[in-house]
Amino acid sequence: MRYPVEETAAKHERIVKEASRLFRERGFENVSVGEVMKAAGLTHGAFYAHFGSKEELQAAAVAYGQKVSLERMRRSKSKKSKESYDDRYLSRWHRDNPGDGCTMAALAPEVARSTPELKAAFEQRLENFLSAKPGDRKEAIFRVAAMIGGVVLARAVQDPQLSDEILASVRQELG
């Protein structure tokens with residue numbers, strides 16, 4: 001039985017969105033296709049109507065997550081807010097909620113050990129992110145690397161005071 005195109009597209013988007021969230025929370029290896037499909041409200045068997053492999057899903061999930069991050073950054077530029085994008089990015093909330101946070105901070109180390117196809121997808125979205133940052137390219141690379149690195153290190157340590165100190169130090173230096 002064929003489903004309407006709109007319904008198929010909506011299911012596909014749900015799968016990618018849930019995969020992106022789960023991969024950011026737990027990493028590629030700690031999430032099964034069955035878990036992704038269950039989170040999307042679909043059966044495991046439906047997966048292969050949308051993707052040829054888990055690696056193909058990983059690439060789609062990374063691209064989706066990076067797109068969401070880029071949209072968040074662009075929206076924050078247009079808002080008049082007391083708190084800057086950098087402050088929100090380098091926050092306890094972002095550190096403690098990787099499933100709702102930046103794909104690059106959550107998955108860059110895994111992408112680095114992944115396939116050339118996934119690296120290419122990641123790189124293309126990183127380029128989009130860098131070109132959207134204000135200032136020259138060197139400054140954009142520095143700011144993105146400092147922010148991502150700050151969150152990665154803050155998540156990697158056990159001492160809550162050290163973790164907070166890392167976030168605060170990076171925020172202050174980026175000032």
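Just above, that's the structure.
Heads up: these notes are all about the structure in this document. (Residues numbered from 1 in each chain as written. Predicted model: local features only at pLDDT ≥ 70, side-chain atom pairs only at ≥ 80, totals over all residues. Heavy atoms only, no water.)

1. Structural notes on the side chain of His 50
- Inspection of the secondary structure puts His 50 in the loop between helix H2 (33–39) and helix H3 (54–78).
- Classification of His 50 by relative accessible area gives buried; the value is 15%.
- There is a polar contact of 3.3 Å between the side chain of His 50 and the side chain of His 12.
- Setting aside its immediate chain neighbours within four residues, His 50 contacts Thr 8, Lys 11, His 12, Ile 15 and Glu 56. (Helix = DSSP H or I, 4+ residues; strand = E, 2+ residues; numbered from the N terminus. Buried < 20%, exposed > 50% of the residue type's maximum accessible area, 1.4 Å probe, protein only. Polar contact = N/O pair within 3.5 Å; in protein donor to acceptor, adjacent residues only side chain to side chain. Contact = heavy atoms within 4.5 Å.)

2. Describing the packing of helix H7 (residues 116–132) against helix H8 (residues 137–156)
- Interaxial distance between H7 and H8 falls to 9 Å at its minimum, and their mutual angle equals 115 degrees. In this view, H7 runs roughly perpendicular relative to H8, as classed from their interaxial angle. Seen along the crossing, H7 lies across H8 with a hand that is right-handed. Where H7 approaches H8, its residues Leu 126, Glu 127, Phe 129 and Leu 130 are matched on the opposing element by Arg 137, Ala 140, Ile 141 and Val 144.
- Partitioned by chemical class, the residues of the contact of H7 with H8 number six nonpolar, no polar and two charged. (Axes fitted to C-alpha atoms, helices over the stretch in contact; angles between N-to-C directions. Parallel < 35°, antiparallel > 145°, perpendicular 65-115°, else oblique. Left-handed = near helix turned anticlockwise from the far one by under 90°. Nonpolar A, V, L, I, M, F, W, Y, C, P; charged D, E, K, R; others polar.)

3. A closer look at the pattern of salt bridges
- Overall, the coordinates contain ten salt bridges when judged by the stated rule.
- A salt bridge links Asp 96 to Arg 95, with the nearest nitrogen and oxygen atoms 2.7 Å apart.
- For Asp 96, a relative accessible area of 47% translates into the label partly exposed.
- Assessed through its relative accessible area of 12%, Arg 95 is described here as buried.
- Among the salt bridges present, the one from Glu 139 reaches Arg 143, with a minimum N-O distance of 3.7 Å. Taken as a pair, Glu 139 and Arg 143 lie in helix H8 at a separation of four residues, close to a single helical turn. (Salt bridge = Lys/Arg side-chain N within 4 Å of Asp/Glu carboxyl O.)

4. Notes on helix H1 (residues 5–26)
- Compared with the 32 Å implied by 1.5 Å per residue over 22 residues, the 31 Å span of H1 between its first and last C-alpha is a close match.
- Where H1 is concerned, the buried positions are Lys 11, Ile 15, Val 16, Glu 18, Ala 19, Ser 20, Leu 22, Phe 23 and Arg 24.
- Note on H1: the residue one or two positions beyond its end, Gly 27, has a positive phi of about 90 degrees. (Expected span 1.5 Å × (residues − 1).)

5. Let's talk about the packing of aromatic side chains
- Counting across every chain of the model gives four aromatic pairs.
- Relative to Phe 28, the ring of Phe 23 lies with its centre 5.1 Å away and its plane at 80 degrees, an arrangement referred to as edge-to-face.
- Judged by its relative accessible area of 1%, Phe 23 falls in the buried class.
- Geometrically, the ring pair formed by Phe 47 and Tyr 48 is edge-to-face, given 4.9 Å between the ring centres and 90 degrees between the ring planes.
- Its relative accessible area of 0% is what places Phe 47 among the buried residues.
- Counting every residue linked through ring pairs, the aromatic cluster contains Phe 47, Tyr 48 and Phe 51. (Phe/Tyr/Trp six-rings, centres within 6.5 Å; stacked < 30°, edge-to-face > 60°.)

6. Describing the packing of H8 against helix H9 (residues 160–174)
- Here H8 crosses H9 at 170 degrees, and the two axes come no closer than 8 Å. When the interaxial angle is binned, H8 and H9 end up roughly antiparallel. In this structure, H8 uses Phe 142, Arg 143, Ala 146, Met 147, Gly 150, Val 151, Leu 153 and Ala 154 to contact H9, whose residues at the interface are Ser 163, Ile 166, Leu 167, Val 170 and Leu 174.
- Counted by class, the contact of H8 with H9 contains ten nonpolar, two polar and one charged residues.

Shape is all these values report; function is a separate question.
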